[in-house]
Amino acid sequence: MNDEQKNLALARRGRAAAIRAPRRPMLGVDLWRGSDGQLWARTPDRTCSVRPVRCFPWSKPARFVSLRDRDEEEVALVRDLTDLPHTAQRALGTALIEAGFVLVVEAVLDVDEEIEIRTFRVRTLQGLRKFQTLRDEWPRGMPGGGLLIKDVAGDLYLVPNPESLDAKSQRLLWAFLD
């Protein structure tokens, strides 16, 4: 069954055909990293440096990214990184990591709980880190199975594949999951 047939079947069942609309590459926006290290965007109207802002940083970190100029005006909205050409995906992905301070966790070494704070000691791709979360701040599940932990400073720690962690890390981390 092709996309058009699926849309027709959905419409017959009373659902909006747009739910199954085929994905199309995002047109009209070109993104690249400039020699100054900034993310640049070219739209039909203008070319300028932009800053990516996630609209839903926890639930959909790779979707709905607002590209804003230095006056905080939206230049473009990227609905999904996969809508962009590969080079633009890479440029925007790198800018998102830099903007969000997303650190990739390789191992959880220790977790210490105090009255209002939980202290994690982890090994990341960027080196050893120690961060704190509020006791009522829990790791969040990500689409695709990863976990995201937000510390009290707002930095994000990503565990891309919790099942691939060593046994100690899994035991320490799973103690905080439902």
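The text that follows walks through the structure, step by step, so that each part is easy to find.

**Things to note about the overall build of the protein**
Looking only at helices and strands, the protein features 3 helices and 11 strands. Ordering the α and β elements of the protein from the N terminus gives α-β-β-β-β-β-α-β-β-β-β-β-β-α. Counting all 178 residues of the protein, 35% fall into the buried class. A fraction of 33% describes how many contacts in the protein between residues 6 or more apart in sequence connect residues 24 or more apart. In the form shown here, the protein has an accessible surface area of approximately 11200 Å², with 51% of it arising from carbon and sulfur atoms.

**Observations regarding the pattern of salt bridges**
Tallied over the full model, the rule gives 8 salt bridges. Notably, a salt bridge pairs Asp 80 with Arg 63, separated by 3.4 Å at the nearest N-O pair. Residue Asp 80 is found in strand S5 (residues 74–80), and its partner Arg 63 is found in strand S4 (residues 63–68); the two are separated by 17 residues along the sequence. Since its relative accessible area comes to 9%, Asp 80 is described here as buried.

**Overview of the side chain of Thr 119**
As for its position among the elements, Thr 119 is in strand S7 (residues 117–124). Within the structure, the side chain of Thr 119 is placed 3.3 Å from the side chain of Gln 132, a separation counted as a polar contact. Non-local contacts of Thr 119, meaning those with residues more than four positions away in its chain, are made with Asp 110, Val 111, Asp 112, Glu 114, Lys 130, Phe 131 and Gln 132.

Criteria and thresholds
- The numbering scheme is per chain: residues are counted from 1 as the chain's sequence reads.
- Only residues with pLDDT of 70 or above have their local features reported here, since the model is predicted, and side-chain atom pairs are shown and tallied only from 80 upward, although totals for entire chains, interfaces and linings are computed over all residues.
- The side-chain values count all of the structure's non-hydrogen atoms but skip hydrogen atoms and water molecules.
- To qualify as a helix, a DSSP run of H or I must reach at least 4 residues; to qualify as a strand, a run of E must reach at least 2; elements of each kind are numbered from the N terminus.
- Buried, partly exposed and exposed residues are distinguished by accessible area as a fraction of the type maximum, computed with a 1.4 Å probe on protein chains only: under 20%, between the cut-offs, and over 50%, respectively.
- Contact criterion: two residues are considered in contact whenever any of their non-hydrogen atoms come within 4.5 Å of each other.
- Residue burial considers only the protein chains on display, and all accessible areas are found by Shrake-Rupley using a 1.4 Å probe.
- Each salt bridge in this description consists of a side-chain nitrogen of Lys or Arg and a carboxyl oxygen of Asp or Glu lying within 4 Å of one another.
- Two N or O atoms form a polar contact when they lie within 3.5 Å of each other; inside protein one atom must be a possible hydrogen donor and the other a possible acceptor, and for residues adjacent in sequence the pair counts only when both atoms belong to side chains.

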